[in-house]
Amino acid sequence: MRILAFGAHPDDIEVGMGATIAKHSDSGDEVLMVVALIPNNPSERRKESENAAKLLGAKVKFLNIKSDEFSNNRRIVEKFDEIVCEFKPDIIYTHWIHDSHQDHITVGNATLAAARRNTCSVYMYEQTIPGGIVPYGFKPQMFVDVSSVIETKIESVLSHKSQVDANGDNWVYGIRGRAQYRGYQISTKFAEAFEVVKEIKTI
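Read on for an overview of the structure. Everything numeric in this text was worked out from a predicted model, so none of it was measured. (Residues numbered from 1 in each chain as written. Predicted model: local features only at pLDDT ≥ 70, side-chain atom pairs only at ≥ 80, totals over all residues. Heavy atoms only, no water.)

Description of the overall build of the chain
Line of reasoning, step 1. Helix and strand content of the chain: 7 helices and 7 strands.
Line of reasoning, step 2. Secondary structure elements in the chain, listed N-terminal to C-terminal, are β-α-β-α-β-α-β-α-β-β-α-α-α-β.
Line of reasoning, step 3. Against the compact-globule benchmark of 17 Å for 203 residues, the chain has a radius of gyration of 16 Å, which places it among compact chains.
Line of reasoning, step 4. By its C-alpha atoms, the chain is 45 × 40 × 35 Å across when sized along the principal axes.
Line of reasoning, step 5. Looking at the 203 residues of the chain, the share that counts as buried comes to 52%.
Line of reasoning, step 6. Across the chain, the fraction of contacts at a sequence separation of at least 24, relative to all contacts at a separation of at least 6, is 80%.
Line of reasoning, step 7. Per element, the accessible surface of the chain, about 9800 Å² overall, is 49% carbon and sulfur.
Line of reasoning, step 8. The chain carries 24 positive and 27 negative side-chain charges, and their two centres are separated by 4 Å. (Helix = DSSP H or I, 4+ residues; strand = E, 2+ residues; numbered from the N terminus. Rg over C-alpha atoms; globule rule 2.2 N^0.38 Å. Buried < 20%, exposed > 50% of the residue type's maximum accessible area, 1.4 Å probe, protein only. Contact = heavy atoms within 4.5 Å. Areas by Shrake-Rupley, 256 points an atom, 1.4 Å probe, with all protein chains shown as cover. Lys, Arg positive; Asp, Glu negative; His and termini not counted. Charge placed at Lys NZ, Arg CZ, Asp CG, Glu CD.)

Written out as structure tokens, the structure reads:
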């Protein structure tokens, strides 16, 4: 299968669903991680993202959109369209559209627009940690048991040293803790949860 994951910033995909990426890679799926923009320290954060993607067995592509030009508009959707048409994914993962970060919301909505041809499944991962409090509740509808690859996820997060330095050890503890909580919900050690936008299967 061909797996496409969109993230606004270099560490978003790893934090939200890095373990699921690792499982796809371990299963032989081709995985492309797309990063929309790098808000600061571009050379450092690009390298961190490349290292993390390598750990997860994925490829990474950078759109290099400027922060002050990133909003939900036709030009941004066209960029996402081009990637979807070129890569031809079976599954797309993207940000939850009720995330508290405006860039995350833009990515989520642009993804839904780019996937409007309904040729692949689309899932949204949970709000990125750290995240603001929002008046909405994430509704986990699909769970992936990631117990076998949780350490790979954490290692990919730690690859983003600039963000570990900025957010502290509690950032990493929170990421692991959420995976542990989701795992507890399905009677396993660790899991990642997703909202289902659409699931297209050929039976």
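Overview of the packing of helix H1 (residues 12-26) against helix H5 (residues 150-158)
Line of reasoning, step 1. Put simply, H1 and H5 touch, their axes get as near as 8 Å, and they point 135° apart. Viewed along their axes, H1 and H5 adopt a mutual orientation that is oblique. Regarding H1 and H5, the two cross each other, and that crossing is right-handed. For the pair H1 and H5, the contacting residues are Glu 14, Val 15, Gly 16, Met 17, Gly 18, Ala 19 and Ala 22 in the first and Thr 152, Lys 153, Ser 156 and Val 157 in the second.
Line of reasoning, step 2. Of the residues that constitute the contact of H1 with H5, the class distribution is 5 nonpolar, 4 polar and 2 charged. (Axes fitted to C-alpha atoms, helices over the stretch in contact; angles between N-to-C directions. Parallel < 35°, antiparallel > 145°, perpendicular 65-115°, else oblique. Left-handed = near helix turned anticlockwise from the far one by under 90°. Nonpolar A, V, L, I, M, F, W, Y, C, P; charged D, E, K, R; others polar.)

Looking at the packing of helix H2 (residues 42-56) against H5
Line of reasoning, step 1. Packing of H2 against H5 brings their axes to within 8 Å, and their N-to-C directions diverge by 170°. Taken together, the axis directions place H2 and H5 in an arrangement best described as roughly antiparallel. Seen from H2, the contacting residues are Ala 52, Leu 55 and Leu 56; seen from H5, they are Thr 152, Glu 155 and Ser 156.
Line of reasoning, step 2. Tallied by class, residues from the contact of H2 with H5 come to 3 nonpolar, 2 polar and 1 charged.

Considerations on the nonpolar core
Line of reasoning, step 1. Within the largest apolar cluster, 32 residues are counted, with the highest numbers of intra-cluster contacts made by Met 17, Ile 21, Met 33, Tyr 93, Trp 171 and Phe 194.
Line of reasoning, step 2. The leading source of residues in this core is H1, at 6 residues.
Line of reasoning, step 3. Not counting residues within four places of it along the chain, the set of residues in contact with Ile 21 comprises Ala 5, Ile 13, Val 31, Met 33, Leu 56 and Ala 58.
Line of reasoning, step 4. Core analysis: the second largest hydrophobic core is formed by 23 residues, Leu 4, Leu 63, Ile 65 and Cys 120 among them. (Core = buried A, V, L, I, M, F, W, Y, C linked by side-chain atoms within 4.5 Å.)

Observations concerning helix H7 (residues 169-185)
Line of reasoning, step 1. A rise of 1.5 Å per residue sets the reference length of H7, with its 17 residues, at 24 Å; its end C-alpha atoms lie 25 Å apart and thus fit the reference within 8%.
Line of reasoning, step 2. Within H7, the full set of buried residues consists of Trp 171, Val 172, Ile 175, Arg 178, Ala 179, Arg 182 and Gly 183. For H7, the arc enclosing every buried residue in end-on projection is 140°, short of the 170-degree limit, so these residues lie on one face. Seen from the open side of H7, the exposed residues pointing more than 90 degrees away from its buried face are Asp 169, Asn 170, Tyr 173 and Tyr 184.
Line of reasoning, step 3. Tucked inside the fold, the buried residues of H7 contact H1, strand E6 (142-145), H5, helix H6 (161-167) and strand E7 (191-198).
Line of reasoning, step 4. After H7 finishes, the residue Ser 187 shows a positive phi value of roughly 60°. (Expected span 1.5 Å × (residues − 1). Arc of directions from axis to C-beta.)

Concerning the pattern of salt bridges
If the charged atoms of two oppositely charged side chains come close together, the side chains can form a pair.
Line of reasoning, step 1. On inspection of all chains with the given rule, the structure shows 12 salt bridges.
Line of reasoning, step 2. Across the salt bridge formed by Arg 75 and Glu 69, the nearest N and O atoms sit 3.8 Å from each other.
Line of reasoning, step 3. For Glu 126, the salt bridge is made with Arg 178, and the minimal N-O distance between the two is 3.9 Å. You can see Glu 126 sitting in the loop between strand E5 (121-125) and E6 and its partner Arg 178 sitting in helix H7, a full 52 residues away along the chain. Taken as a pair, Glu 126 and Arg 178 share a single burial class, namely buried. (Salt bridge = Lys/Arg side-chain N within 4 Å of Asp/Glu carboxyl O.)

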